[in-house]
Amino acid sequence: MDSKLLQRRLGQEIDQDLLAATQRLSPEQRLDAFLTHSRLMMELYQAGQRARESRQPKSP
């Protein structure tokens, strides 16, 4: 089988499993997962900002 087809099938299986797992969560658990995700994304964004700032030449 083609490797792209295998990757696509694997991706679809993962998507289905993730959807099933989220549906088993209580509303409170979903909210907690969303909050955790948001915090992690903000940390990643801020780290990128700091990295970009450290690469820019300083103005005299």
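Preceding block: the structure.
Residues numbered from 1 in each chain as written. Predicted model: local features only at pLDDT ≥ 70, side-chain atom pairs only at ≥ 80, totals over all residues. Heavy atoms only, no water.

(A) Fine view of the overall build of the protein. In terms of regular secondary structure, the protein is built from 2 helices and 0 strands. Relative to the globule expectation of 10 Å for 60 residues, the C-alpha radius of gyration of the protein, 19 Å, shows a markedly less compact shape. Taking the principal axes of the C-alpha coordinates as reference, the protein spans close to 55 × 40 × 5 Å. Relative to its 60 residues, the protein shows a buried fraction of 0%. (Helix = DSSP H or I, 4+ residues; strand = E, 2+ residues; numbered from the N terminus. Rg over C-alpha atoms; globule rule 2.2 N^0.38 Å. Buried < 20%, exposed > 50% of the residue type's maximum accessible area, 1.4 Å probe, protein only.)

(B) Structural detail: the environment of A21. Note that A21 resides in helix α1 (residues 3-24). The partly exposed category is assigned to A21, whose relative accessible area is 28%. On a C-alpha basis, the gap between A21 and A33 in space is 12 Å, while along the polypeptide they are 12 residues apart.

(C) Structural context of the environment of T22. Here T22 is to be found in helix α1. Using a relative accessible area of 33% as the deciding quantity, one classes T22 as partly exposed. Taking the C-alpha atoms as reference points, T22 and K4, separated by 18 residues in sequence, lie 27 Å from one another. Here L19 takes part through its backbone oxygen, which lies 3.1 Å from a polar atom of the side chain of T22. (Polar contact = N/O pair within 3.5 Å; in protein donor to acceptor, adjacent residues only side chain to side chain.)

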